[in-house]
Amino acid sequence: MITVDEHRARILAATEPLAAIGQLAIDSTGLVLADDVVNRWPVPLFDNSGMDGYAVRRADATVGATLRVVADVPAGSAEDPPIGPGEAVRIMTGAPVPSDANAIVPLEHTDLGTQVRADAPEAIVITERPRKAAHIRRAGEDTAAGSVAVAAGTVLGPWQLSAIASAGHEIIRVQRKPRVAIISTGSELIDPSGSPERGQIPESNSILLSAAVQQAGAQVCSVTRVPDDEHALNSVLAGLDADVIVLTGGASVGAFDVVKAVLDGVGSIEFTTVAMQPGKPQGFGLTDDGVPVFCLPGNPVSVAVSFEMFVRPALRQLAGHHDIDRPRITRRASVGWRRRSDRMQILPVVYDDETVRPASRGGSGSHLVTSLADASALALVPAAVDDVAEGDPITVMVLE
Ligand SMILES: Nc1nc2c(c(=O)[nH]1)N[C@H]1C(S)=C(S)[C@@H](COP(=O)(O)OP(=O)(O)OC[C@H]3O[C@@H](n4cnc5c(N)ncnc54)[C@H](O)[C@@H]3O)O[C@H]1N2
Ligand code: MOO
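Residues numbered from 1 in each chain as written. Chains lettered and ligands numbered in written order. Predicted model: local features only at pLDDT ≥ 70, side-chain atom pairs only at ≥ 80, totals over all residues.

The chain is annotated in an unreviewed UniProt entry as Molybdopterin molybdenumtransferase from Gordonia hydrophobica. The heading Function (unreviewed entry) in the UniProt record of the chain holds the text "Catalyzes the insertion of molybdate into adenylated molybdopterin with the concomitant release of AMP." Here the chain is described in UniProt, under the heading Catalytic activity (unreviewed entry), as follows: "adenylyl-molybdopterin + molybdate = Mo-molybdopterin + AMP + H(+)". (UniProt positions renumbered as here; feature names shortened; annotations may be inferred.)

See the structure below:
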C-alpha cells in the first residue's frame, strides 16, 4: 500500500500543462494566460477629460469670468480646436483635451449648471476656479506603452480580460481546458430514471464526475457507460479522443473487474492500493499515446474523494494553474467518530465557523452516496490518528 501523497506525486509528475492555443479573449474566462499581454499603447491613450464641462486656459478661468465657447468636443472627436484668451471649449468625459487647455471646469462650476443642451452655449460664467490640470486624465497615467498588462500564469476573470482589451488585444494565448472522457463501468448500472430490477442500481458516478470536471475548469468530451465486458470496454477506449480518461468501477480484485483486466500494464498504467478510506484501489498511468488515465474505484463516495485528491489537482495542472489545491482550514470536531487507523480517512463533512461533523450518520462508508449532498468539505484524518474525539482539531479541505 502507498500513501496518498505518494500516489498524488506520481500523478503530478506525469501530467505536464497542455500546449497553449490562441483564441478570443472573450472566450477565455477561467483559463490561464500562457504569454504576457503587453500594452500596445499607453493607458489612457491620450490626455482626456474626466468630466463633462469646459476645457479652459486656467489663468482665464477665475470666478466671475465670462468665457466664449468656441467649439464642442464630444468623446470620439478627433478635433483639437485652438483656445484663445477668454475662450473655452465644451468637452465631454473621455474626449481628447485640446492642446491649448490646461484644466477642465465641470458643468456644475458654471452659471449654466448641468442642464443638458444639444448645442454648446455661446458663453459661460465660471463659478468655481479649477485646480491646476483639474479633471485631465493624463496619457499613460495608468500604464506605459510596452508594459505588461496581464502576466503569463494569471487566471483570467472579467477584470483581467478588460485590461487585455484596453491593452489592444482580442486574440490571446491561453492554456487550453483539458478534454476529459468519462467511462462508468458496471453491468448493474441503469439510467437514473429507469426502474431497477434486482441487482441493478442507478448510475451516478458519471454525473458526479461530469459536474466535478467542469467545476475544476476542464471540459467533458464524452460520457460512456460500459458493462463489465472487456470487448465493450476496449472498443469504447479505441474510439476516444481525449486529453484525460477517467474510469470508475472494476478497479479492485473482483472476478469481473474489467477495468483492471483491460488496462493494467497498458502504457505506464499500474493498479495499486492507496492508504486512504475510501478510495483504496486506484489505477493510474499514461497510455502509449501519453494520455493520463485514472481508474477510480466504483463506490460513489470513493469516486468523489478520489476526484478531489488526485484527478482535480491533475486537471488544474494540465490547465496551467499554479494553484491546484483546495484551501484547507482547521475546525474542532463537534462530535466524535470512529475510524480505521491504517489509512488516511477522507470524510465528507459539514462545517461552520468553529466546528466540523460527518455529513452522514453512518460514518465513513464509501457507498453512503446521499451523505454527499449535505457535505461541503472533506475532513482529512491522518492514518496515525485513532478515533476522533469531540473537540479534536481536524484538517478540513473546503470544496466551495
Ligand atoms: N475482496 C475484496 N473486495 C473488495 C476490496 C478488497 O480490497 N478486497 N476493496 C473494496 C473497496 S475498498 C472498494 S472501493 C471496492 C472497489 O471496487 P471496484 O472499483 O471494482 O468497483 P465496483 O465493484 O465496480 O463497484 C463498487 C460499488 O460501486 C457501485 N458503482 C459502481 N459504479 C457505479 C456508478 N457508475 N454509479 C453508481 N454506483 C456505482 C457498484 O454497484 C458497487 O456497489 O471494492 C471493494 N471490494
Ligand atoms: O476504498 Mo473503498 O473506496 O474503501 O470503499
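The discussion continues.
Enquirer: Is there a simple way to think about the overall build of the chain in this case?
Expert: Within the chain, the secondary structure is distributed over six helices and 25 strands. On C-alpha atoms alone, the chain measures out to a radius of gyration of 32 Å, which is more than a quarter above the 21 Å that the 2.2 N^0.38 rule sets for 400 residues. Principal axes of the C-alpha set define a box for the chain whose edges measure 95 × 50 × 40 Å. Expressed as a percentage of the 400 residues in the chain, the buried residues total 39%. (Helix = DSSP H or I, 4+ residues; strand = E, 2+ residues; numbered from the N terminus. Rg over C-alpha atoms; globule rule 2.2 N^0.38 Å. Buried ≥ 20, exposed ≤ 12 C-beta atoms within 10 Å, placed from the backbone.)

Enquirer: Would you take a moment to explain the confidence of the model for the chain for this structure?
Expert: Note that predicted coordinates carrying low pLDDT should not be read in detail. Overall, the prediction assigns the chain a mean pLDDT of 94, with 98% of residues at 70 or greater. Reported confidences for the modelled complex are a pTM of 0.89 and an ipTM of 0.96. (pLDDT = per-residue confidence, 0-100.)

Enquirer: What's the story with unusual backbone geometry in this structure? I'm lost.
Expert: Where the residue is not glycine, phi is negative for most of them; where a peptide bond is considered, it is trans in most cases. For the bond from V43 to P44, the omega torsion is -10 degrees, close enough to zero to count as cis. Position of P44 relative to the elements: it lies in the loop between β2 (37-38) and β3 (48-49). Residue P278 follows Q277 across a cis peptide bond; omega there is 0 degrees. Positive phi is not limited to glycine here, since A133 has a value of about 60 degrees. Relative to the helices and strands, A133 resides in the loop between β8 (123-125) and β9 (136-137). Taking the C-beta count within 10 Å as the criterion, A133 has 15 such neighbours and is therefore assigned partly exposed.

Enquirer: What exactly am I supposed to notice about the sheet that holds strand β16 (residues 244-248) here?
Expert: Backbone-to-backbone hydrogen bonds pair the strands of a sheet. The strands run either parallel or antiparallel. Ordered in space as β15-β12-β16-β20-β19-β17, the six strands form an open sheet in which the pairing is mixed. The open sheet is flanked by β15 (219-226) and β17 (270-273), the only strands paired with a single partner. Taken over all neighbouring pairs, the strand axes of this sheet differ in orientation by 15 degrees on average, direction set aside. As judged from the four bridges shared by β17 and strand β19 (residues 281-286), these two strands associate in the antiparallel manner. Counterpart to T273 in the pairing with β19 is P281. (Pairing = 2+ DSSP bridges. Axes fitted to C-alpha atoms, helices over the stretch in contact; angles between N-to-C directions.)

Enquirer: It is not clear to me how helix α1 (residues 4-13) should be interpreted in this structure. Could you clarify?
Expert: Turn by turn, an α-helix covers 3.6 residues, leaving residues three or four places apart pointing in a common direction. Listing the buried residues of α1 in full gives V4, H7 and I11. Buried residues of α1, seen end-on, are gathered within an arc of 75 degrees and therefore sit on one face of the element. Exposed positions of α1 whose direction lies more than 90 degrees from the buried face are D5, A9 and A13. On its buried face, α1 is in contact with β18 (276-277), β19, α6 (300-318) and β22 (344-351). (Arc of directions from axis to C-beta. Contact = placed C-beta atoms within 7 Å.)

Enquirer: Would you take a moment to explain the site of ligand 1 for this structure?
Expert: Around ligand 1 lies a shell of 25 residues, among which N205, G249, S252, P297 and G298 are the nearest. The residue inventory of the shell around ligand 1, partitioned by class, reads eight nonpolar, 13 polar and four charged. (Near = placed C-beta within 6 Å. Nonpolar A, V, L, I, M, F, W, Y, C, P; charged D, E, K, R; others polar.)

Enquirer: Sorry if this is basic, but what is going on with the sheet that holds strand β5 (residues 66-73) here?
Expert: Across the sheet, five strands lie side by side as β7-β4-β6-β5-β8; this open sheet has mixed pairing. Strand pairing shows two members of the sheet lacking a second neighbour, β7 (103-106) and β8, which therefore form its edges. Across the sheet, the mean angle from the axis of one strand to that of its neighbour is 40 degrees, orientation sign disregarded.

Enquirer: Looking at this structure, how should I read the domain arrangement of the chain?
Expert: Buried accessible area, meaning the area lost when the parts come together, often serves as the stated size of an interface. Assigned domains within the chain: domain 1 (4-17 + 177-318), domain 2 (20-41 + 143-175), domain 3 (48-137) and domain 4 (328-398). Each of domain 1 and domain 2 was reduced to a C-alpha centroid, and the two centroids are 34 Å apart. (Domains from an automatic or database assignment.)

Enquirer: Before we go on, may I ask you to explain the packing of helix α3 (residues 205-215) against α6 in this structure?
Expert: For any two helices packed against each other, the geometry comes down to the angle between their axes and how far apart the axes lie. Packing of α3 against α6 brings their axes to within 11 Å, and their N-to-C directions diverge by 25 degrees. Classified by the interaxial angle, the pair formed by α3 and α6 is roughly parallel. Taken as a pair, α3 and α6 cross one another with a handedness that is right-handed. Where α3 abuts α6, its residues N205, L208, L209, A212 and V213 lie against P300, V303, A304, F307, R312 and L315. Across the contact of α3 with α6, the residue classes break down as nine nonpolar, one polar and one charged. (Parallel < 35°, antiparallel > 145°, perpendicular 65-115°, else oblique. Left-handed = near helix turned anticlockwise from the far one by under 90°.)

Enquirer: What is the right way to read the nonpolar core from this model?
Expert: Across soluble globular proteins, nonpolar side chains have a tendency to be buried as a group. In terms of nonpolar packing, the biggest core is built from 73 residues, with V246, F294, C295, L315 and V349 touching the most fellow members. No other element matches the eleven residues that α6 contributes to this core. Apart from residues no more than four positions distant in its own chain, F294 is found in contact with V246, L247, F284, F310 and V311. (Core = buried A, V, L, I, M, F, W, Y, C linked by C-beta atoms within 7 Å.)

Enquirer: Help me understand the UniProt feature "domain: MoaB/Mog" (unreviewed entry) in the chain, please; the structure alone is not making it clear to me.
Expert: According to UniProt, the "domain: MoaB/Mog" (unreviewed entry) feature falls on residues 181-317. The span residues 181-317 is 32% helical and 28% strand by assignment, and the distance between its end C-alpha atoms comes to 17 Å.

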